Amino acid sequence: MPILECRELSKRFGSVQALDEVSLTLEAGRVVGLLGPNGSGKTTLLKLANGLLTPTDGEILIEGLAPGKETHSVVSYLPDRPYLAEWMKVRQLLDLFEDFYDDFDRNKATEMLLRLSIDEEMRIKEMSKGTREKAQLILVMSRKAKLYLLDEPIGGVDPATRDYILETIIRNYNPEAAVVISTHLIADVEQVLDDVIFINQGKIMLQSSVDAIREEHGMSVDQYFREVFRC
Amino acid sequence: MLGKLIKHEFRATARIMLPISGAVLALSLLANLSIRGLTGSMSEIPVLRIFFLFIEFAFGAAIVAAGVMAIVIMVSRFYRNLLKDEGYLMFTLPVSVHELIWAKLIVSLVWFLVTSLLIFLVCCATALNISGTSLAVVIGEMPSWAELRDALKEIGVYDKLVGLTLKMVLLVLLSILAVCLHFYASMSLGHMFSKNKILLSIVFFVLISFAFNMMKMSIGIAGFDALNGTHPMNDSEVMTQFMSRALWVGIGTQAVQAAVLYFATVLSLKRGLNLE
C-alpha cells in the first residue's frame, strides 16, 4: 500500500483552483522533492495531507486512510512558517511532543539540541530565526514517522543553516519512511532527493526519479526544472 | 489524550491566571490593612490617606482584571492556539477536534469558577473587615450543616431547596459553557473565510447573539403567558414550582444553545479549517 495517495484531488479557494485533479502515489523509503514555483500548490497539497484543509473533490489517503487522528500519529509535518508558541520553553515543547507522539525520541532530540547549544530552558521568542527553524526541524525529525512532510524547510535561512537542515533530514529520517521536501530552491536539495514531482498551477507536470531525469535529459534536476518552467 | 491536552492547556493558562490570582490575594490583604488605616488615626496624615485610597483602588482594579482576564484568556487561547499559526501543531496532533474543543472548554470553565470563588472570598473578607466583625465570631455563630439541614427539613423545604440549588448550579455551568461556545463558534465560522476573518467573526457573534436572544425572548413570553394571571409570589408552594420549572426551561435553553454552538464549532473546524 502506498504511504500517500492522491486520487483526482482538487482544491478550490473561491475562484482560485489551487489543485486540479492531482493523482499520484508515494512509496515508503524514498526522499521526494515536491518542486514548483511559488503559488504552484505545494503547500496546499501538504496541508491537505495533514487534514488542515478539506478537498473540494477527489481524495487524499495516508496508508489508505483519510487524514485525521490516526494518520497524524504516523505523519511528521513541518509547516512553512514558525508554528511553535513563542512563550514556550524548549523543554515544554519536548514534553508536548513526548506526550502526544509515541514515536518521538526525546533522547535523540536532546542530543541534537545539545550539539547546537540550544538550552532547553530557552523560550522560542528568545531564539533567532535560524535557531527557531532548527529547533522546529529537530522536533519533527526526532519522530520515527512513516511519512515526513517538510514544507519549505530551507526557505529564508542562511546557507550554513541550509546545510545543517538538509544534513539533519538525511541523517535522522526513518529509512523505512517517505520524506517529502517541498521547495523551489532545487539546486540546494537536489543532492538528497531520490524522486521529484514537478507541480505548477495546481497540476502535476512530472513525477520521476532523479536518476531518470539525469539519464534521459542529460541535465541536473535544477537545469531540467528551469527548462520546463521557462517563462 | 484529552487529559494530556488539559494538562498542557493548564500549563499555558496558569502562567497568566496564577499571577493574577496571586495579585488579587496580595492586594486583598493590603486593602484590608489599609481599611484599618483609613478608619484609624493614620488617616489624618494626607500622604498615608492617599496611599490607602490608592491601595483600595488597585484592589478593585485587580478584581475587575481577574474577571476580565478569565474571559480574555478563554478567547485568546482558542484564537491563537487553534486559528493562528499554533493551529498547525494543534490540528496535526493525534487528537480529535472534539478533544481540542473540550480541553479548552474544561480549562476555561475551571478558571471561571476559580476566579469567581476567589473574588467572592476576598469580597466577603473585605465586607467582614469593613463591618468590624471577626471571622471567628461569624464562623462561631454559623449553624452547623446538620443543624441547618434539620431546621430546613422541619419546615419541609429541604428537598426543594436542594433540588433548586442543584438546578441553579447546572444552569450556571451550562451558561458558562454556552458563553465560551458562543465565542468559539463565532471565531471558527469567521475563520472559514480567506479574508476579513476577525470582522466576520464579530458579525457571526452578533448574529448568534441575536438568534438566541430572540429564542429566549419567545420562551420568556410563552412562560409568562402560561402563568395565566396567577401570582406565584402569593403562594410559596406555587412559587417553588414556578422557580423549578423556570430553572428547567433555563437549563433546556442553555443546553440547546451550547449544543448548537458546539456542533457549529466542530463542523467549521472539521470542514472549513482555513489556517493562513
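Residue positions are given per chain, counted from 1 along the sequence in the order it is written. Following the order in which they are written, the chains are lettered starting with A and the ligands numbered starting with 1. Only residues with pLDDT of 70 or above have their local features reported here, since the model is predicted, and side-chain atom pairs are shown and tallied only from 80 upward, although totals for entire chains, interfaces and linings are computed over all residues.

Our focus in this paragraph is the interface of chain A and chain B. Each residue is represented by a C-beta atom placed from its backbone, and any two residues with such atoms within 7 Å are regarded as in contact. With 21 residues of chain A at the contact, the number on the chain B side is 17 residues. The way it works is that DSSP assigns letters per residue, a run of H or I at least four long becomes a helix, a run of E at least two long becomes a strand, and they are numbered from the N terminus. Among the secondary structure elements, those contributing two or more residues to the side of chain A that touches chain B are helix H2 (69-72) and helix H3 (90-100) of chain A. Of all the elements, H3 of chain A adds the most residues to the side of chain A that touches chain B, at 4 residues. Residue composition of the side of chain A that touches chain B, grouped by class: 11 nonpolar, 7 polar and 3 charged. Residue classes follow a fixed rule: Ala, Val, Leu, Ile, Met, Phe, Trp, Tyr, Cys and Pro count as nonpolar, while Asp, Glu, Lys and Arg count as charged, and any other residue, Gly among them, counts as polar.

All right, on to the environment of glycine 29 of chain A then. Residues and elements named next belong to chain A. Position of glycine 29 relative to the elements: it lies in the loop between strand E2 (16-26) and strand E3 (31-35). Taking C-alpha positions, glycine 29 is 4.9 Å from alanine 177, a pair spaced 148 residues apart along the chain. Setting aside chain neighbours within four positions, we find glycine 29 in contact with Pro175, Glu176 and Ala178.

This brings us to the sheet that holds strand E6 (residues 147-151) of chain A. Residue and element names in this part refer to chain A. One requirement defines pairing of two strands: DSSP has to find at least two bridges between them. Here we have 6 strands laid out as an open sheet, ordered E5-E6-E7-E3-E8-E9, and mixed in their pairing. The sheet terminates laterally at strand E5 (75-78) and strand E9 (203-209), the two strands that pair on one side only. Here the average twist between neighbouring strands, direction ignored, is 15°. The pairing of E3 with strand E8 (residues 195-200) spans 4 bridges and is parallel. By the bridge assignment, leucine 34 is partnered in E8 with isoleucine 197. Its contacts with the sheet put helix H8 (residues 210-217) on E8 and E9, and the angle it makes with E9 is roughly 90°. Under this scheme, a helix contributes an axis fitted over its contacting stretch, all axes are lines through C-alpha atoms, and angles between N-to-C directions fall in the 0 to 180 degree range.

Here the focus is the nonpolar core. To define a nonpolar core, we join buried Ala, Val, Leu, Ile, Met, Phe, Trp, Tyr and Cys residues through C-beta atoms within 7 Å and take the resulting set. Residues with at least 20 other C-beta atoms within 10 Å of their own are called buried, those with 12 or fewer are called exposed, and the rest are partly exposed. The C-beta atoms themselves are positioned from the backbone. Grouped together as the largest cluster of nonpolar side chains are 122 residues, with contacts concentrated most on Val32, Leu147, Val179 and Val180 of chain A. Examining the composition of this core, we find that 13 residues originate from one element, helix H2 (residues 46-83) of chain B, more than from any other. Marked domain ranges trace back to an automatic or database domain assignment. Residues lining this core come from more than one domain, with at least three contributed by each of domain 1 (13-141) and domain 2 (143-276) of chain B. Contacts of valine 32 of chain A, omitting those with residues within four sequence positions, involve Leu26, Ala178, Val179, Val180, Leu193, Asp194, Asp195, Val196 and Ile197 of chain A.

All names here are of chain B. Two numbers describe how H2 lies on helix H7 (residues 158-190): the axes approach to 10 Å, and their chain directions differ by 35°. In this structure, H2 crosses over H7, and the sense of that crossing is right-handed. Here Met74, Val75, Phe78, Tyr79 and Leu83 of H2 lie close against H7, whose contacting residues are Cys180, Phe183, Tyr184 and Met187. The residue inventory of the contact of H2 with H7, partitioned by class, reads 9 nonpolar, no polar and no charged. Crossing handedness: left-handed means the near helix sits turned counterclockwise from the far one by under a right angle, and right-handed means the same turn made clockwise.

Next up on the list: the domain arrangement of chain B. All names here are of chain B. Considered domain by domain, chain B is made up of domain 1 (13-141) and domain 2 (143-276). With centres defined by C-alpha atoms, the gap from domain 1 to domain 2 works out at 25 Å. Residue assignment for the side of domain 1 that touches domain 2 shows that the elements contributing at least two residues are H2, helix H3 (87-90) and helix H4 (97-131). It is H4 that provides the largest number of residues to the side of domain 1 that touches domain 2, a total of 7 residues. Split by residue class, the side of domain 1 that touches domain 2 holds 12 nonpolar, 3 polar and no charged.

All names here are of chain A. Mapping aspartate 194 onto the fold places it in the loop between helix H7 (186-189) and E8. Linking aspartate 194 and serine 208, residues 14 residues apart in sequence, is a C-alpha distance of 8.9 Å. Contacts of aspartate 194, omitting those with residues within four sequence positions, involve Arg30, Val31, Val32, Ser209 and Val210.

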